[in-house]
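# Architecture at a glance
These are the residues of each chain, in order.
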Amino acid sequence: MRIKEAIKDKITGEWGDEDDVGLGVQVLRTTNFTNTGRISYEKVVKRKISNSLIEKKKLLPGDIIIEKSGGSPNQPVGRVVFFDNNNELFLCNNFTAILRPSERLVPKYFFYDLFYKHLSQVTLKYQNKTTGIINLQLDRYLDEKINVPSFDKQKQIVQTLDTADTLLQKRREQLNLLDDYLKSVFFEMFGDPVLNDKKWETTYLDSVIDSIDSGWSPVCLNTQRRSDEIPVILKLGAVTYCYFNPKNHKVIPANIKIEKRVEVKKHELLFTRKNTKELVAASAFIFDCERNLLLPDTIFRLNYKKELVNGIYLWKLFVEEGFRRVIQNLASGSAGSMPNISKEKLRKLLIPIPPLQLQNKFASIVEQVEQTKQKMSASLDEMNNHFNALMQRYFG
């Protein structure tokens, strides 16, 4: 059966008008999509839309919302989320569409099939790009075929996948709880770093670092290396999410002489000097490191004085939400360019410096938690592989 034969309705999303008084209807955007197929109800906007359009386009439990415009160089357009909210009124915006399954399908089964199609990049061949926006050729995509077993078999498949998905979700929540725990430990030991309510001594960052190193950005191959013998340049994404991700790199061509001075090492602290307004000033501490990973020119290395400051304390200070906003305010740039933080401004950043003994105690807790997280992340990867194998068995 083709997808278009499996739906009883395809409804284009609606954006409406600016809602000045906050009495509009809630509208879901692709910002509310997660990559796990769930909807995030944080930051839902309200828009002014006529009652007739609301009645015609409101979401019903069991609907699948598909992304028509979005995606990125690393992620095809065509993500789907499953709507199962029985309690509130929502619409979706004009970058998305509602696919309402027919009675012949278990809605969640239909969702899992479309979710797998995106996961296995089937939507990639239905993409086109106009003025920087990636669009899904939805009508063409709806000609794709889906497997439709008996209704009872669909329910059985959904039950199996829901069970596996619930276990995955619980493991992700456990990892998030560990992050929350570290945030609470930081606040308990050091207080609010913006208010400095524990009255710690303050000093300029310049006084606790020896130097700030800039990286190097030769023209590289956009591929992954097969061994740590091959030198690579880290991408911004290696630090963007405030954890060090060495897999986010590009290979340096063999004919280019590498600059070993910018090779990153264990226990170093990295900082993104340039990115979008929301993502600039990310930092990451390197707990462990492979060989031949080189610093790009968009990332600084902060060579901190270990006798004065603990690198893990400095990292957690920099990524604390309120304090990071203080650092982000140092960024400047001309219209149309990405915000940038200069070394000079960063050196003049005023930071609280608790006693080193207390910093070290905090760092020891962080290291223990990070070891636990590492084991849980490995377990999560295995569970994810198992879930994907199930998806492939049912829909591949």
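Summary of the structure given here. As the structure is a prediction and not an experimental result, all values here were calculated from the model. What you see as residue numbers is a count from 1 along each chain, following the sequence as written. Where totals are concerned, whole chains, interfaces and linings use all residues; where local detail is concerned, this predicted model gives features only for residues with pLDDT of at least 70, and gives and counts side-chain atom pairs only at 80 or more. Side-chain descriptors were evaluated using all non-hydrogen atoms of the structure, hydrogens and water having been removed beforehand.

### Digging into a nonpolar patch on the surface
- Like charges within 9 Å and nonpolar side chains (Val, Leu, Ile, Met, Phe, Trp, Tyr) within 5 Å are joined into patches, using only residues over 30% in relative accessible area that form no salt bridge. Methods summary: accessible areas were calculated by the Shrake-Rupley approach with a probe of 1.4 Å, and residue burial reflects only the protein chains presented. A carboxyl oxygen of Asp or Glu within 4 Å of a side-chain nitrogen of Lys or Arg is what we treat as a salt bridge. There is a patch of nonpolar side chains on the surface, built from Val194, Leu195 and Val326 and spanning about 250 Å² of accessible area.
- Secondary structure is summarised from DSSP: a helix means a run of H or I of at least four residues, a strand means a run of E of at least two, and numbering begins at the N terminus for each. For Leu195, the position within the fold is in the loop between α5 (151-190) and β12 (201-204).
- Its relative accessible area of 61% is what places Leu195 among the exposed residues. Only protein chains enter the accessibility calculation, which uses a 1.4 Å probe; a residue whose area is less than 20% of its type maximum is buried, one above 50% is exposed, and one in between is partly exposed.

### Looking at the packing of α5 against helix α6 (residues 311-319)
- Inter-axis angles, ranging from 0 to 180 degrees, are taken between N-to-C directions of lines fitted to C-alpha atoms, where helices are fitted over the stretch in contact. Between α5 and α6, the least distance of the axes is 11 Å, while the angle of their chain directions is 105°. When the axes of α5 and α6 are compared, the pair comes out roughly perpendicular. Residues Leu182, Phe186 and Phe190 of α5 touch α6, and the partners they reach there are Tyr313, Lys316 and Leu317. In what follows, roughly perpendicular refers to angles from 65 to 115 degrees, roughly parallel to angles under 35, roughly antiparallel to angles over 145, and oblique to any angle outside these ranges. We call two residues in contact when some of their heavy atoms are within 4.5 Å.

### Observations concerning the pattern of salt bridges
- Inspection of every chain in the model, using the stated rule, returns 25 salt bridges.
- Put simply, Glu321 and Arg325 hold a salt bridge, and the shortest N to O gap is 3.6 Å. You can see Glu321 and its partner Arg325 sitting in helix α7 (residues 321-328), four residues apart, about one turn around the helix.
- Ionic contacts of the salt-bridge type, sharing partners, join the residues Asp179, Glu370 and Lys373 into one network.

### Notes on the pairing of strand β9 (residues 96-101)
- Of all six residues that make up β9, six are buried, and the element is covered over most of its length.
- What you see with β9 is no split at all: Thr96, Ile98 and Arg100 on one side and Ala97, Leu99 and Pro101 on the other are buried throughout.
- Between any two strands, pairing holds if DSSP finds at least two bridges. Across five bridges, strand β1 (residues 7-12) lies against β9 in antiparallel orientation. Paired with Ile7 across the two strands is Pro101, which belongs to β9.
- The pairing of strand β5 (residues 64-67) with β9 spans four bridges and is antiparallel. Each bridged residue has a counterpart across the sheet, and for Ile65 the counterpart in β9 is Ile98.

### Some thoughts on the sheet that holds strand β4 (residues 45-48)
- In space, the four strands of this open sheet follow the order β2-β4-β3-β8, with mixed pairing throughout. Sheet topology places β2 (17-18) and β8 (90-92) at the edges, where each strand pairs with a single neighbour.
- Bridge count for β2 against β4 is two bridges, and the pairing is antiparallel. When the sheet's bridge partners are listed, Glu18 is paired in β4 with Arg47.

### Regarding the sheet that holds strand β18 (residues 293-294)
- Pairing within the open sheet is mixed, and its three strands lie in the order β15-β14-β18. The sheet is open, and its two edges are formed by β15 (249-251) and β18, each paired on a single side.
- In this sheet, β15 lies alongside strand β14 (residues 232-234) in antiparallel orientation, the contact comprising three bridges. What sits directly across from Leu234, in β15, is His249.

### Thoughts on the side chain of Gln359
- Tracing the backbone shows Gln359 in helix α9 (residues 356-395).
- For Gln359, a relative accessible area of 0% puts it in the buried group.
- For this analysis, a polar contact is any N or O atom pair within 3.5 Å, provided that within protein one partner can donate a hydrogen and the other can accept it, and provided that sequence-adjacent residues contribute only side-chain to side-chain pairs. Here Pro354 takes part through its backbone oxygen, which lies 2.8 Å from a polar atom of the side chain of Gln359.

By themselves these figures say nothing about function.
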